[in-house]
Amino acid sequence: MTQIAPPPRQAPPASGERAGGKTDSQAVRTLVSPLALASTRGKTLYWIVFSAVVLAFGVAFLFPVYWMASGAMKSPDELVQTPPTLIPETWHFSAYTDAWDLMQLPRHLWNTVVQAAGAWILQLVFCTAAAYALSKLKPAFGKVILGGILATLMVPAQALLVPKYLTIADLPLIHTSLLNDPLGIWLPAVANAFNLYLLKRFFDQIPRDVLEAAEIDGAGKLRTLWSILLPMSRPVLGVVSIFALVAVWQDFLWPLMVFPDTDKQPISVALVQLSQNIPLSVLIAAMVIASIPMVAMFLVFQRHIIAGISAGGTKG
């Protein structure tokens, strides 16, 4: 009679190895074990702690916004009294209308929009073109050029103010002054080494096979950039757009030097220049109005911002 050999015995898991081939280093470790979350007490305690942490962070971030918005609705006496009141005793909404009229906010907001939009468009055009050239076209001395560009990040921004001002006040070769001109904001904003490097790193992660397929179809270098790379780069372009707009919107010292004329100053400079003999509640209301566009832009494009931040960590 033929004997059937017994199945081979499996060796026990080696030290540091669990069932299923996963080692201890590969096992998922959490602050709270799944066994503790399986019980009713564990779930209740988890949600209490989680809700308390979320509430604490929400209060920490949103309370300053509430304090600023409600401070504009207090009377001047209530605004400076000690201890301060958490909720205004009487709601005064007139501070917002006074700030809109007395501080000429429509004009200065429009000046800021023009300056930020021009800097944003020029940065997207020139930084994207430069990043594409350094990443995919591989020019001669490309690494040397990139190293020189990145070296400018080591120079403090304050050290560049005087050279930039002298250049803007008397533009070389054509000897034209760009003071009181939006070009005085646009042109220096184009030379943004950080955004250029961010775009280059994203282009480096795009597989070479995609570009070779476009070349086989007869697409040139410019057509490849426009039809292939730019649609794939929407997340990182959204992040660069946010950085470009916020940098111009919140800048103070450079616009103060470029625009001696008060009527052409952006909102960040005008709030300081026009704050003389203005009630504190009206000034706070003006600050609230000035911050609304940036907050609204973040709320609208927050999905693109988060996608762009996570896109920098993905590999093609």
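The structure under discussion appears in the preceding block.
Owing to the predicted nature of the structure, the values given are computational and were not obtained by experimental measurement. (Residues numbered from 1 in each chain as written. Predicted model: local features only at pLDDT ≥ 70, side-chain atom pairs only at ≥ 80, totals over all residues. Heavy atoms only, no water.)

Side note on the pattern of salt bridges
Point 1. In this structure the tally under the stated criterion is five salt bridges.
Point 2. Its salt-bridge partner being glutamate 215, residue lysine 221 comes within 3.4 Å of it at the nearest N-O pair.
Point 3. Its relative accessible area of 46% is what places lysine 221 among the partly exposed residues.
Point 4. A single network of salt bridges, built from pairs that share partners, joins Lys200, Arg201 and Asp204. (Salt bridge = Lys/Arg side-chain N within 4 Å of Asp/Glu carboxyl O. Buried < 20%, exposed > 50% of the residue type's maximum accessible area, 1.4 Å probe, protein only.)

With respect to the side chain of asparagine 195
Point 1. For asparagine 195, the position within the fold is in helix 9 (residues 193-204).
Point 2. Accessibility expressed as a relative area gives 1% for asparagine 195, which makes it buried.
Point 3. Once residues lying within four places of it in the same chain are set aside, the contact partners of asparagine 195 are Gln123, Val240, Phe243 and Ala244. (Helix = DSSP H or I, 4+ residues; strand = E, 2+ residues; numbered from the N terminus. Contact = heavy atoms within 4.5 Å.)

Some details on the packing of aromatic side chains
Point 1. Under the criterion given, the structure shown has six aromatic pairs.
Point 2. Aromatic side chains phenylalanine 63 and tyrosine 66 sit 6.3 Å apart centroid to centroid with 45° between the ring planes, which places their arrangement in the tilted category. Here phenylalanine 63 pairs with tyrosine 66, and both are found in helix 2 (residues 40-71), just three residues apart, close to one helical turn.
Point 3. Here the aromatic residues Tyr46, Trp47 and Phe50 are joined through ring pairs into a cluster of three or more.
Point 4. The ring of tryptophan 67 is capped by lysine 74, whose NZ or CZ atom sits 4.2 Å from the centre of that ring.
Point 5. Looking at lysine 164, its charged tip hangs above the ring of tryptophan 254, at a distance of 4.6 Å from the centre. (Phe/Tyr/Trp six-rings, centres within 6.5 Å; stacked < 30°, edge-to-face > 60°. Lys NZ or Arg CZ within 6 Å of the ring centre and 35° of its normal.)

Points about the nonpolar core
Point 1. If you look at the biggest cluster of nonpolar residues, it comprises 36 residues, and the most contacted ones within it are Tyr96, Leu105, Ile267 and Leu271.
Point 2. For this core, the secondary-structure elements that each account for two or more residues are helix 4 (94-102), helix 5 (105-137), helix 7 (161-169), helix 8 (183-190), helix 12 (234-250), helix 13 (253-258), helix 14 (267-273) and helix 15 (280-311).
Point 3. In terms of residue count, helix 15 provides more of this core than any other element does, 10 residues in total.
Point 4. Apart from residues no more than four positions distant in its own chain, tyrosine 96 is found in contact with Ala69, Ala72, Met73, Ala285, Val288 and Ile289.
Point 5. Core analysis: the next-biggest nonpolar cluster, separate from the first, contains 13 residues, Phe202, Leu211, Leu229 and Val240 among them. (Core = buried A, V, L, I, M, F, W, Y, C linked by side-chain atoms within 4.5 Å.)

Observations concerning helix 2
Point 1. Between its first and last C-alpha, helix 2 extends 44 Å over 32 residues, near the 46 Å set by a 1.5 Å rise per residue.
Point 2. When the local axis directions of helix 2 are compared, the greatest deviation, roughly 35°, occurs at leucine 62, which is followed within four positions by the proline proline 64.
Point 3. Of the residues making up helix 2, those classed as buried are Gly42, Ser70 and Gly71. (Expected span 1.5 Å × (residues − 1). Bend = angle between axes of the 7 residues up to and from the residue.)

Some thoughts on the layout of surface pockets
Point 1. Counted as a void, the largest pocket has a volume near 980 Å³.
Point 2. Lining the largest pocket are 31 residues, and of these Lys164, Pro188, Ala189, Ala191 and Asn192 lie nearest its centre.
Point 3. At the level of elements, helix 5, helix 7, helix 8, helix 9, helix 12 and helix 13 are the ones that each hand at least two residues to the lining of the largest pocket.
Point 4. Here the residues of the lining of the largest pocket are counted per class, giving 23 nonpolar, six polar and two charged. (1 Å grid on protein atoms, 1.4 Å probe; cavity = no way out; pocket = protein on both sides within 12 Å on 5 of 7 lines; lining within 4 Å. Points joined across faces, edges and corners; volume = space filled by probe spheres on them. Nonpolar A, V, L, I, M, F, W, Y, C, P; charged D, E, K, R; others polar.)

A look at the packing of helix 5 against helix 11 (residues 221-232)
Axis angle and axis distance: for two packed helices, these are the angle between their axes and the distance between the axes, and together they describe the pair.
Point 1. Orientation of helix 5 relative to helix 11, taken along the N-to-C sense of each, is 105°, at an axis distance of 12 Å. What the angle tells us is that helix 5 and helix 11 run roughly perpendicular. On the side of helix 5, the interface is formed by Thr128, Tyr132, Lys136 and Leu137, while helix 11 contributes Lys221, Thr224, Leu225, Leu229 and Leu230. (Axes fitted to C-alpha atoms, helices over the stretch in contact; angles between N-to-C directions. Parallel < 35°, antiparallel > 145°, perpendicular 65-115°, else oblique.)

A short note on the environment of leucine 105
Point 1. As for its position among the elements, leucine 105 is in helix 5.
Point 2. Given a relative accessible area of 1%, leucine 105 falls into the buried group.
Point 3. Along the chain, leucine 105 and isoleucine 267 lie 162 residues apart, while their C-alpha atoms are 7.2 Å from each other.
Point 4. Each residue touching leucine 105, except ones within four places of it in the same chain, is listed here: Ala99, Trp100, Ile267, Leu271, Ala286 and Ile289.

Details of the packing of helix 9 against helix 12
Point 1. In contact at an axis separation of 10 Å, helix 9 and helix 12 are set at 175° when each is read in the N-to-C sense. Taken together, helix 9 and helix 12 sit at an angle that is classed as roughly antiparallel. Residue-level inspection shows Phe194, Asn195, Leu198, Leu199 and Phe202 of helix 9 in contact with helix 12, the latter providing Val236, Leu237, Val239, Val240, Phe243 and Ala244.
Point 2. A class-by-class count of the residues in the contact of helix 9 with helix 12 yields 10 nonpolar, one polar and no charged.

With respect to unusual backbone geometry
Point 1. Threonine 82 connects to proline 83 through a cis peptide bond whose omega is 0°.
Point 2. The topology assignment puts proline 83 in the loop between helix 3 (76-80) and helix 4.
Point 3. A positive phi angle, near 75°, is found at leucine 173, a position not held by glycine.
Point 4. The residue leucine 173 is located in the loop between helix 7 and helix 8 in this model.
Point 5. The class for leucine 173 is exposed, based on a relative accessible area of 81%.
Point 6. The residue asparagine 180 is not glycine, and still its phi comes out positive at about 60°.

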